[in-house]
Amino acid sequence: MSNTVLITGASSGFGEACARLYASKGHPLVLLARRGDRLQQLSDELSPLVNVHILVADVTKTEALLEALQSIPDAFLPVNILINNAGLALGLDKAQDAEWQDWQIMVDTNITGLLAITHHLLPAMVASNSGHVINIASTAASWPYPGGNTYGASKAFVQQFSRGLRADLLGTRVRVSTLSPGMAETDFSKVRFHGDESKAAAVYANAKALSAEDIADIVYWITSVPPHVNVNELEVMPVDQAWGPLAVHRH
Ligand code: NDP
Ligand code: 8X3
């Protein structure tokens, strides 16, 4: 029987593309996000291929989230592949101008939400001595940029937490991988700019960004390498993106 894949943030972007790809490979799916209508649409589309269970949950609401995870039907257990993808950036303001609420939501989503789900699902992976956690970080985890303050720091947490997990899991067959994408065209920028479509479009103007499907292909590859191989970390950018020089303030 194929491994069950639980994907957080499956209602859009990378998560949605992963759901389509894993469904095409015959994996039962548990799809989690806040927007139940989008999850239902995706489930209707993929159910002819595989069994799909949807969890309408907000990863920042820990108690309700854990209740939702506990309600996963036995037929979908154990969860073998966990794709911790739900996340967001809010704002691109310098730290001194940023909204406190934006920082709080990023930390609650990108850090606390990911921790709560991992904490809930990891013991069963260890008990069955199999499983794979794929954490979606970002190039922003390693490469700071103006306005990336809390977002980048939250993704650096994800990167370092993944390394810590590997250290703790040594001696088990449970794998942990971090994928750090650069610029990818999804709803990410629309969310970052609080729904401002023209600001979002400007991010991707006249450059070929990564697509959600590019990321799904890479996630799938990471989980398809032989069971004795662990891809620790993988960073990927579009060819049209690279680093800039260090900034200098001249007087
Ligand atoms: P999208 O905005 O298209 O998708 C984000 C997903 O996260 C949605 O399904 C959204 O679902 C879900 N989500 C957000 N907040 C919550 C929450 N509180 N509870 C549950 N689900 C939530 O963006 P991407 O697909 O691009 O982003 C996916 C991940 O990839 C994020 O972690 C992002 O930081 C990361 N990333 C993105 C890059 C990019 O350039 N696009 C580059 C590097 C990393 P819903 O709103 O329905 O809850
Ligand atoms: C998303 C990529 O460069 O906007 O994680 O931070 S970036």
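Every chain begins its residue count from 1, and numbering advances along the sequence as written. Chain A is the first chain written and ligand 1 is the first ligand written, with later ones labelled in order. In view of the model being predicted, local features appear only for residues whose pLDDT reaches at least 70, and side-chain atom pairs are presented and counted only at 80 or more, with totals across whole chains, interfaces and linings using the full set of residues.

Labelled according to an unreviewed UniProt entry, the protein chain appears under the name Oxidoreductase, short chain dehydrogenase/reductase family, originating from Teredinibacter turnerae. UniProt positions are given in the numbering used here, feature names are shortened, and annotations may be inferred rather than shown by experiment. What UniProt records for the protein chain under Sequence similarities (unreviewed entry) is the sentence "Belongs to the short-chain dehydrogenases/reductases (SDR) family."

Concerning the site of ligand 2
The C-beta atom of each residue is placed using the backbone, and any residue whose C-beta lies within 6 Å of a molecule or strand is treated as near it. By nearness alone, every residue bordering ligand 2 is listed as Ser138, Thr139, Ala140, Gly148, Gly182 and Met183. By the convention adopted, Pro, Cys, Tyr, Trp, Phe, Met, Ile, Leu, Val and Ala count as nonpolar, Lys, Arg, Asp and Glu as charged, and the other residues, Gly among them, as polar. By residue class, the composition of the shell around ligand 2 is 2 nonpolar, 4 polar and no charged.

Points about the pairing of strand 1 (residues 4-8)
Using C-beta atoms placed from the backbone, we call a residue buried if 20 or more other C-beta atoms fall within 10 Å of its own, exposed if 12 or fewer do, and partly exposed for counts in between. Secondary structure elements follow DSSP: runs of H or I of four or more residues count as helices, runs of E of two or more count as strands, with numbering from the N terminus. Extensive coverage of strand 1 is indicated by the burial of 5 of its 5 residues. For two strands to pair, DSSP has to find at least two bridges joining them. Pairing geometry for strand 1 and strand 4 (residues 79-84), over 4 bridges, is parallel. Residue Val5 lies in a different strand from strand 4, and its bridge partner there is Ile81. Two strands pair when backbone bridges link them, and strand 1 and strand 2 (residues 29-33) are joined in this way by 4 bridges, in the parallel orientation.

A closer look at unusual backbone geometry
Of note, the bond from Leu77 into Pro78 is cis; its omega dihedral lies within 30 degrees of zero at -5°. For Pro78, the position within the fold is in the loop between helix 3 (62-70) and strand 4. Here the phi dihedral of His194 falls at roughly 50°; this positive angle occurs in a residue that is not glycine. For His194, a count of 12 C-beta atoms within 10 Å gives the class exposed. One non-glycine residue, Asn206, adopts positive backbone phi at about 55°. When you line up the elements, Asn206 lands in the loop between helix 7 (197-204) and helix 8 (212-222).

Section: helix 1 (residues 13-24)
What a helix should span is 1.5 Å times the count of its residues minus one. Along its 12 residues, helix 1 runs 17 Å from first to last C-alpha, staying within 8% of the 16 Å computed at 1.5 Å per residue. Burial of helix 1 is extensive: 9 of the 12 residues sit out of reach of the surface. The set of residues buried in helix 1 consists of Gly13, Phe14, Gly15, Glu16, Ala17, Cys18, Ala19, Tyr22 and Ala23. Once helix 1 ends, the next one or two residues include Gly26, with phi positive near 90°.

Concerning the site of ligand 1
Neighbouring ligand 1 are 28 residues, the closest being Gly9, Gly13, Arg34, Arg35 and Gly87. Looking at the shell around ligand 1, the elements that each hand over two or more residues are helix 1 and helix 6 (188-192). Here the shell around ligand 1 gets 3 residues from one element, more than from any other, and that element is helix 1. For the shell around ligand 1, the per-class residue count stands at 12 nonpolar, 12 polar and 4 charged.

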